[in-house]
Amino acid sequence: MLRLPPRPPRFDVLIALLGLLGGLLLWGLGLHTRIAAPTVPTDNSAAWTLLPLAATAGAELLRRSWTGCGLAVGTVALVADQFTVGSLATVLMYTDLVYAAALYGPPARARRLPAVTGLVTVAVTLALLAWFREPQALLVGLVVGVIFFGPATTGAMLRNHREAAAAARLRAEQTALLAEMDRVQAVTDERARMARELHDLVAGHLSAIAIHSTAALSLDDEATSRRALGVIRENSVAGLAEMRRLIEVLRAEETDAPSVAPTLDGLGTLVEQARANGLDVRRFTPPPAGPPPPAPVGLAAYRIVQESLTNALKHGAPGPVDAVLGRADGALTVRVVSPLGPRARPGPRVPGSGAGLVGMRERAELLGGSFAAGPVAGAGTGGERRWEVRAVLPLGEAEGGPRGTVSGQADDDGLGDTRER
């Protein structure tokens, strides 16, 4: 089925109309490109120049859609024009057809057209020199180059510039997209980090407040209530102080903003606070003497111990708790073991969202370490089941280390986890 060309743009119609009207004006004024008699003399020889003019003007309507067909029609019309008195408008419109073929045609044609027109220009110039044997033949060859080679080269150059500009715009858009993706990822990572810090800062204090307020409400003993209220006030003040320091860091604009990141030196104070909150920390082994670990490793170890003690206070059964830190194979090991019973402490249960285990796992994995948490059998003095948290944090700048897992499933004896972390 014959496919019709699409409707030409208004600019192409305007070019064709102006070329046709200009050629008619030149024909009416008797201005032609050939001074000598035409090759095919007739009584009305000047009228024959209107046929190539009309054909070239029609080809202008195809300069964008069907570039090859338009160029072929224009070439035939230009050759036919040489057998008449000639029209300058036909020549000018043909140069536009060559230019459009290089600019709007297929990429292969745009690459070949300058070379083909250049060879045609050289061949015509040499043929004219051999035929006339006069230096003036070089001027005719120059005119041929202006008609063929010049427009083809100009169109190809402009096409290359457009393609380079389009590629540059595409690269700029891709760069902007990647920058936006990096920004979103950075914001997401920062929000996750802030969520971990907020959870670690307030979870322990709020858990102690909840437990001791429950004890104060459930026991009708003035001394117990006063002790519980004292612990509640101490944890409230400490929690508010830590929140205030974190807010100062978030608001500060200077690079020397106050730091709230704790270190391993504060583990002793953390353990004493856990004991004051009612947790029976029987065994605490700080890391052995040696060079201090990198700040991210120390912060991760501190937060893992803090969250483990908080979970033991919230969900663990009464009993001794062990917190042991050590160094082995270029890594800092953290191990916290607490009692695991069928029921937590007396009184209403303190709710848990599971964010603590997720936060500890993320801290270990970000450092290239491993993390595991779950019930273990026979770890206590009486062989009772206990809950163990174990993390291995590389002391070097390790990347792509082993991915840790959070194990909270049933162990070998078929008993499942009884605590919501």
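Residues numbered from 1 in each chain as written. Predicted model: local features only at pLDDT ≥ 70, side-chain atom pairs only at ≥ 80, totals over all residues. Heavy atoms only, no water.

Turning next to helix α6 (residues 137–147). Of all the residues in α6, the buried ones are Ala137, Gly141, Val144, Gly145 and Ile147. End-on view of α6: buried residues confined to an arc of 160°, all on one side of the axis. Along α6, exposed side chains directed more than 90 degrees from the buried face belong to Leu139, Leu142 and Val146. (Buried < 20%, exposed > 50% of the residue type's maximum accessible area, 1.4 Å probe, protein only. Helix = DSSP H or I, 4+ residues; strand = E, 2+ residues; numbered from the N terminus. Arc of directions from axis to C-beta.)

Going through the model one piece at a time under the given rule, you end up with 2 cavities of 30 Å³ or more. Quantified by volume, the largest cavity comes out at close to 40 Å³. Looking at the largest cavity, the residues that line it are Gly23, Leu26, Trp27, Leu31, His32, Thr49, Leu50, Leu53, Gly86 and Ser87. Per-element accounting of the lining of the largest cavity gives the leading share, 3 residues, to helix α1 (residues 10–29). Roughly 30 Å³ of internal volume is contained in the second largest cavity. The wall of the second largest cavity is formed by Ala59, Leu62, Arg63, Thr67, Gly70, Leu71, Leu97, Ala100 and Ala101. Secondary-structure elements contributing two or more residues to the lining of the second largest cavity are α3 (67–81) and α4 (88–104). (1 Å grid on protein atoms, 1.4 Å probe; cavity = no way out; pocket = protein on both sides within 12 Å on 5 of 7 lines; lining within 4 Å. Points joined across faces, edges and corners; volume = space filled by probe spheres on them.)

Our focus in this paragraph is the UniProt feature "transmembrane region" (unreviewed entry) in the protein chain. In the numbering used here, UniProt assigns the "transmembrane region" (unreviewed entry) feature to residues 83–104, 113–132 and 138–158. Along residues 113–132, the helical share is 100% and the strand share 0%, with 28 Å between the first and last C-alpha atoms. (UniProt positions renumbered as here; feature names shortened; annotations may be inferred.)

Taken as a whole, the largest pocket encloses approximately 520 Å³ of empty space. Along its surface, the largest pocket is lined by 16 residues, and Gln82, Val140, Val143, Val144 and Ile147 are the ones closest to its centre. Contributions of two or more residues to the lining of the largest pocket are made by α3, α4, α5 (107–132) and α6. Across the lining of the largest pocket, the residue classes break down as 11 nonpolar, 3 polar and 2 charged. (Nonpolar A, V, L, I, M, F, W, Y, C, P; charged D, E, K, R; others polar.)

Turning to the packing of helix α9 (residues 267–276) against helix α10 (residues 295–315), a few remarks are in order. Close contact between α9 and α10 brings their axes to 11 Å; oriented N to C, the two are set at 5°. In terms of orientation, α9 lies roughly parallel with respect to α10. Across the interface between the two elements, Leu267, Leu270, Val271 and Ala274 of α9 pack against Tyr302, Val305, Gln306 and Leu309 of α10. Considering only residue class, the contact of α9 with α10 consists of 7 nonpolar, 1 polar and no charged. (Axes fitted to C-alpha atoms, helices over the stretch in contact; angles between N-to-C directions. Parallel < 35°, antiparallel > 145°, perpendicular 65-115°, else oblique. Contact = heavy atoms within 4.5 Å.)

Moving on, we get to the nonpolar core. With 34 residues, the main nonpolar core has Leu279, Val305, Leu309, Val334 and Phe371 as its most contacted residues. Examining the composition of this core, we find that 9 residues originate from one element, α10, more than from any other. Setting aside its immediate chain neighbours within four residues, valine 305 contacts Leu267, Leu270, Leu325, Val334 and Val336. Counting residues in each nonpolar core, the second largest holds 14 residues, with Ala59, Leu71, Val91 and Ala152 among its members. (Core = buried A, V, L, I, M, F, W, Y, C linked by side-chain atoms within 4.5 Å.)

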